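Here is what each chain is made of, one letter per residue.
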Amino acid sequence: MRQLPLVAIVGRPNVGKSRLFNRFCGYRKALVHDRPGLTRDRQYATARWEGKQFEVVDTGGLLGGDEERILEKGIGDQAFAAIDEARLVLFVVDARAGLTPLDEELGAVLRRRRKQVILVVNKVDGPGQEASATEFHRLGFDQVSLTSAEHGLGFDELHERIFSFIGDLCPADTEGEENVQLAIVGRPNAGKSTLVNRILGEDRVLVSSIPGTTRDAVDVSIAFRGRQVTLVDTAGIRKKARIGDAEEKLSVSMAIKQIERSAVVILLLDATKGIGAQDAAIAGHAARSGRGVIVAVNKWDLVADRSHRGARELVQQMKDRLRFLDYAPVLVISALDGTRVVKLLDQALAIEERWRARVSTSRLNSLLEKWTTEKPPPRHRGRAVKVYYGTQVASGPPVFKLFVNSGARFYFSYERYLVNRIREAFDFEGVPIRLVTAERKQRRARR
Ligand code: GDP
């Protein structure tokens, strides 16, 4: 196995270590590799950024869910081993909670072990919190990054800082961009196994089955259009169960796990049935997850009116019921006879690329100026709202940060207006877009 430089995530409970960890490995957590000698190998993952890779370990995870133990016994042995092995430590603290005695204790431990440390002040996602970060300077680490693991903010800067320590040691990422994690979700009998079999059954090379992270999850990879496409947890899909209320519920929790590990979600619906409560629940999770989404209406072969108009009407019906997924394309397919299954995969791959895309800041700002001039933001609670400039702060999914005047807020409808303009202008079909605002206290020139 390649040797990747290791970065250890350290911090007291609840500061957001595992969120941070998930941000690093993102939807590729499925590709966590085996590490002999460690029982909880899930806490290690490969992180990829700007064509380079390194390895991350969540030392909180090494405490086996018993993180509180840190309070009595200090850091566990495994966690210590991971820290010693690490080239760099991300020492995570909580901006909302402020500096605690345990933070100071951990800081002392890290200093004694003479590790290279970046202090990560997490949960910085609201105005005023940047200021509260200053008290952590007392810990005495001069490399400081501010993040919101929850909202994906500050990660470009953090990555740059990490690379300033270990960049030279990180091998090039040869596979990362090639692999697409796809989740096929839907309620029982929607046709998920049939679709998986159809995808595997055609002339596509089966690359590998990857025994996954949960005991019975099996990911299957295929080569498609020169890329590696991983179908997440096909074992779960294939597990047959009698279909009662319990299984219906189980299908929702299974979908949640699959969604969490994917970049793009194929939401499979049954054309012969309306959208039921389970479909809506699964769709809701897909929408909230920040993944790319495509809706596939299956069993087209059973539909009486298979004219163009019939298809259009069916698509419209589904769209009306899934308003909160208005950014997701809807495709009518038949898993059984293969109709449009290749098109479905093609679109899913295209969505994955858009999901990861970054847009140009200068183009974004000239468009922002145009959009806000054409339709200025309505006053919020009597206050004028000014948009100074914006920038994309994250991708996968894209997050845009807009700098506004102090105390200003957008109404939901205006936020949606901007999101829709961004989606059209930069071709983000199938991709959820998040907007966050930050205050710019004094007027500054647009960049
Ligand atoms: P799952 O529970 O979502 O995995 O659903 P299955 O793949 O087991 O499919 C449930 C039933 O629907 C099976 O009897 C399939 O043969 C049938 N089915 C799945 N897809 C199609 C389709 O496109 N057309 C037709 N006619 N039947 C389908």
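Analysis parameters
Each chain has its residues counted from 1, running along the sequence as written. Local features in a predicted model are, by the rule used here, given only for residues with pLDDT of at least 70; side-chain atom pairs are given and counted only at 80 or more, and totals for whole chains, interfaces and linings are based on all residues. For the side-chain quantities, the full set of heavy atoms in the structure was used; hydrogens and water were omitted. Only DSSP runs of H or I with at least four residues qualify as helices, and only runs of E with at least two residues qualify as strands; both kinds are numbered from the N terminus onward. Accessibility here uses a 1.4 Å probe with only protein chains present; expressed as a share of the type maximum, an area under 20% marks a residue as buried, one over 50% as exposed, and anything in between as partly exposed. We call two residues in contact whenever any of their non-hydrogen atoms come within 4.5 Å of each other. Only the protein chains shown count as cover for residues, and all accessible areas are computed by the Shrake-Rupley method using a 1.4 Å probe. By convention in this text, a residue qualifies as near a molecule or strand provided that one of its non-hydrogen atoms is within 4 Å of it. Distance and chemistry together define a polar contact, namely a pair of N or O atoms within 3.5 Å, with one atom able to donate a hydrogen and the other to accept it when in protein, and with adjacent residues in sequence counting only for side-chain atoms on both sides. When residues are sorted by character, Ala, Val, Leu, Ile, Met, Phe, Trp, Tyr, Cys and Pro go into the nonpolar class, Asp, Glu, Lys and Arg into the charged class, and all the rest, Gly among them, into the polar class. To estimate how far a helix should reach, multiply one less than its number of residues by 1.5 Å. For each structure, a 1 Å grid was placed over the protein atoms alone; sets of points admitting a 1.4 Å probe that cannot get out are labelled cavities, open sets with protein on both sides within 12 Å along at least five of seven lines are labelled pockets, and lining residues have an atom within 4 Å of a point. Grid points are joined across faces, edges and corners, and a volume is the space filled by probe spheres set on the points. Domain extents, as shown, originate in an automatic or database domain assignment. For this count, His and the chain ends are skipped, Lys and Arg are scored as positive, and Asp and Glu as negative. Every case where a carboxyl oxygen of Asp or Glu lies within 4 Å of a side-chain nitrogen of Lys or Arg is listed as a salt bridge. Whether two strands pair depends on DSSP finding at least two bridges between them. Handedness of a crossover is defined as follows: orient the strands so they point away from the viewer, and if the path from the first strand over the helix to the second runs clockwise, the crossover is right-handed. Throughout, an axis means a line fitted to C-alpha atoms (over the contacting stretch in the case of helices), and angles, computed between N-to-C directions, take values from 0 to 180 degrees.

**Student:** What is the right way to read the overall build of the protein from this model?
**Tutor:** When helices and strands are tallied, the protein shows 14 helices and 16 strands. Across the 447 residues of the protein, 54% fall into the buried class. Taking the contacts inside the protein whose residues are at least 6 apart along the sequence as the reference set, 73% of them involve residues at least 24 apart. Roughly 20,900 Å² of accessible area belongs to the protein as shown, and the carbon and sulfur atoms make up 47% of that amount.

**Student:** I would appreciate a short explanation of the site of the ligand in the present structure.
**Tutor:** Surrounding the ligand, one finds 16 residues, the nearest of these being Asn 189, Lys 192, Ser 193, Thr 194 and Asp 301. Between Lys 299 and the ligand, the recorded distance is 3.1 Å, taken from a side-chain N or O atom to an oxygen atom. Isolated, the ligand exposes 580 Å² of accessible area, and the fraction of that covered by the protein chains is 79%. Looking at the shell around the ligand element by element, the count peaks at 3 residues for helix α7 (residues 192-201). For the shell around the ligand, a count of residues per class yields 5 nonpolar, 6 polar and 5 charged.

**Student:** Where do I start with helix α12 (residues 341-356) in this structure?
**Tutor:** Given 3.6 residues to a turn, an α-helix orients residues that are three or four positions apart in the same direction. In this model, α12 (16 residues) spans 23 Å end to end at C-alpha, consistent with the 22 Å of a helix rising 1.5 Å per residue. Listing the buried residues of α12 in full gives Val 341, Leu 344, Leu 345, Ala 348, Leu 349, Ile 351, Glu 352, Arg 354 and Trp 355.

**Student:** I tried to follow the side chain of Asp 103 on my own but got confused; where do I start?
**Tutor:** Note on placement: Asp 103 falls in helix α4 (residues 101-112). In this structure Asp 103 comes out as buried when scored by relative accessible area, which is 0%.

**Student:** Help me understand the layout of surface pockets in this model?
**Tutor:** Gaps between atoms show up when a probe of the same size as a water molecule is rolled over them. Its volume calculated, the second largest pocket comes out at about 780 Å³. Around the second largest pocket, the lining is made up of 28 residues, and of these Glu 130, Leu 153, Lys 401, Phe 403 and Ala 438 lie nearest the centre. At the level of secondary structure, the elements contributing two or more residues to the lining of the second largest pocket comprise α6 (155-166), β14 (387-394), β15 (399-404) and β16 (434-439). Counting residues domain by domain, the lining of the second largest pocket receives three or more from each of domain 1 (6-169) and domain 3 (361-439).

**Student:** What is the right way to read the side chain of Lys 192 from this model?
**Tutor:** By secondary structure assignment, the location of Lys 192 is in helix α7. For the buried Lys 192, no salt bridge exists, and the shortest N-O distance to an oppositely charged side chain is 8.1 Å, to Asp 279. A polar contact is formed between the side chain of Lys 192 and the backbone oxygen of Gly 186, at a distance of 2.9 Å. Filtering out sequence-adjacent residues up to four positions away, Lys 192 remains in contact with Ile 184, Val 185, Gly 186, Arg 187, Ile 237 and Leu 268.

**Student:** Could you clarify how one ought to interpret the pairing of strand β4 (residues 88-94) in this entry?
**Tutor:** Looking along a regular strand, one sees the side chains alternate between the two faces of the sheet. The buried count for β4 comes to 7 of 7 residues, which makes it a mostly enclosed element. The alternating pattern of β4 places Leu 88, Leu 90, Val 92 and Asp 94 on one face and Val 89, Phe 91 and Val 93 on the opposite face, and all of these are buried. Looking at chain direction, strand β1 (residues 6-10) and β4 are connected through 4 bridges and run parallel. Bridging across to β4, Val 7 finds its partner in Leu 88. Bridge count between β4 and strand β5 (residues 117-122): 6 bridges; the pairing is parallel. From the neighbouring strand, Val 89 faces β5, where its bridge partner is Val 117. As for the winding sense of the linkage, the β-α-β connection from β4 through α4 to β5 is right-handed.

**Student:** Hey, could you run me through the pattern of salt bridges in this one?
**Tutor:** Two side chains with opposite charge may pair up if their charged atoms get near one another. All chains considered together, the criterion is met by 20 salt bridges. Across the salt bridge formed by Asp 84 and Arg 113, the nearest N and O atoms sit 2.9 Å from each other. In this pair, Asp 84 sits in helix α3 (residues 77-85) while Arg 113 sits in the loop between α4 and β5, placing the two residues 29 residues apart along the sequence. Classification of Asp 84 as partly exposed rests on a relative accessible area of 42%. Residue Arg 161 pairs with Glu 157 through a salt bridge whose shortest N-O separation is 2.6 Å. Taken together, the residues Arg 161 and Glu 157, both in helix α6 and 4 residues apart, mark about one turn of the helix. Residue class for Glu 157 comes out partly exposed when judged on its relative accessible area of 34%. Each of Arg 227, Glu 352, Glu 353 and Arg 356 takes part in one network of salt bridges that share partners.

**Student:** Is there a simple way to explain the sheet that holds β16 in this structure?
**Tutor:** Two modes of strand pairing occur in sheets, parallel and antiparallel, and in both the strands are linked by backbone hydrogen bonds. Here we have 3 strands laid out as an open sheet, ordered β14-β15-β16, and mixed in their pairing. Edge strands, defined here as strands with exactly one partner in the open sheet, are β14 and β16. The average undirected angle you get between the axes of adjacent strands in this sheet is 25 degrees. Pairing of β15 with β16 involves 6 bridges; the strand directions are parallel. The residue bridging Phe 400 from the neighbouring strand is Leu 435, located in β16.

**Student:** Before we go on, may I ask you to explain the sheet that holds strand β2 (residues 44-49) in this structure?
**Tutor:** Strand order in the open sheet made by the 6 strands is β2-β3-β1-β4-β5-β6, with mixed pairing throughout. Single-partner strands in this sheet number two, and they are β2 and β6 (144-146). For this sheet, the mean inter-axis angle between neighbouring strands, taken without regard to orientation, is 30 degrees. As defined by bridge partners, β5 adjoins β6 across 3 bridges and the pair is classed as parallel. Bridge pairing in β6 links Val 120 to Ser 145. Here helix α1 (residues 17-25) sits on the sheet in contact with β1, β2, β3 (52-58), β4 and β5, set at roughly 160 degrees to β3.

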